[in-house]
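Listed below are the residues making up each chain.
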Amino acid sequence: LSPRQLRDPQLPTHILHILQRNGLPARHLALEFPETLVLPDPADATNRLERLRACGVGIVIDDFGTGWSSLSRLRHLPVDQIKIDRSVVHGTPDDIDNAAVVSAIIGMAGPLGMSLVAEGIETTGQMEFLRQAGCTFGQGFLFGPPQTADRLPQGLASLTTL
């Protein structure tokens, strides 16, 4: 979602119409937004996100760990999943600061009922660190390059959890 889309009071209505028109159940759609998108008006953003989530749409915070959002604010957001930004994953496990940030994100997500995806996994060391820290999903070049639509079935067949 872009800032303009999230500010649109009709966003939930638009999303529901699109889902109905295409015959897609809401549970099969997840909307992603960067954590910085909520900063300007958290109450308004939360209201819209709650309306979308009430319709059955998944809500995902993308690029988590790059902004300056408050952890106390995060616990009030209607979020199903956090995607840990590749810039935070990069350098783990050797970069002690990045490893501490990733571990903190993983440690808070579970009790808040949020699943996690680590982005930008490039080495087996990163994958093992994330697995041991409790992250169950990951994406990155370690698992393969981005796929075109025609190659997607082959790529999906090779997926595993961390």
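Residues numbered from 1 in each chain as written. Predicted model: local features only at pLDDT ≥ 70, side-chain atom pairs only at ≥ 80, totals over all residues. Heavy atoms only, no water.

Q: Help me understand the pattern of salt bridges, please; the structure alone is not making it clear to me.
A: Two side chains of opposite charge can pair, provided their charged atoms sit close to one another. For the coordinates displayed, the defined rule picks out five salt bridges. Here E119 and K83 are joined by a salt bridge, their closest N and O atoms 3.7 Å apart. You can see E119 sitting in the loop between β4 (115-118) and α7 (124-133) and its partner K83 sitting in strand β3 (residues 81-84), a full 36 residues away along the chain. On the accessibility criterion, K83 (9% relative accessible area) is buried. Between R131 and E128 there is a salt bridge, with the nearest N and O atoms lying 2.6 Å from each other. Highlighted residues: R131 and E128, both in helix α7, separated by three residues, approximately one helical turn. R131 gets classed as partly exposed once you look at its relative accessible area, which sits at 35%. Within this structure, E32, K83 and E119 form a network of salt bridges that share partners. (Salt bridge = Lys/Arg side-chain N within 4 Å of Asp/Glu carboxyl O. Helix = DSSP H or I, 4+ residues; strand = E, 2+ residues; numbered from the N terminus. Buried < 20%, exposed > 50% of the residue type's maximum accessible area, 1.4 Å probe, protein only.)

Q: In this structure, what is going on with the sheet that holds strand β1 (residues 30-34)? I would like to understand it.
A: Backbone-to-backbone hydrogen bonds join strands into a sheet, with any given pair of strands oriented parallel or antiparallel. The strand order β1-β2-β3-β4 describes an open sheet built from four strands, whose pairing is parallel. Every interior strand has two partners, whereas the edge strands, β1 and β4, have only one. Strand after strand, the sheet turns through a mean of 25 degrees between neighbouring axes, direction not considered. Here four bridges tie β3 to β4, and the two strands are oriented parallel to one another. Its bridge partner being in β4, Q81 is matched across the sheet by S115. Together, β2 (58-64), β3 and β4 form the strand contacts of helix α6 (residues 96-109), whose direction differs from that of β3 by roughly 175 degrees. (Pairing = 2+ DSSP bridges. Axes fitted to C-alpha atoms, helices over the stretch in contact; angles between N-to-C directions. Contact = heavy atoms within 4.5 Å.)

Q: Looking at this model, I keep getting lost on the packing of helix α2 (residues 11-22) against helix α3 (residues 42-54). Mind explaining?
A: Each pair of packed helices gets described by two things: the angle between the helix axes and the distance between those axes. Running from amino to carboxyl end, α2 crosses α3 at an angle of 25 degrees, the nearest separation of the two axes being 9 Å. With respect to each other, α2 and α3 are oriented roughly parallel. By crossing handedness, the relation of α2 to α3 is classed as right-handed. For the pair α2 and α3, contact is made by L11, P12, T13 and I15 and by R48, R51 and L52, respectively. For the contact of α2 with α3, the per-class residue count stands at four nonpolar, one polar and two charged. (Parallel < 35°, antiparallel > 145°, perpendicular 65-115°, else oblique. Left-handed = near helix turned anticlockwise from the far one by under 90°. Nonpolar A, V, L, I, M, F, W, Y, C, P; charged D, E, K, R; others polar.)

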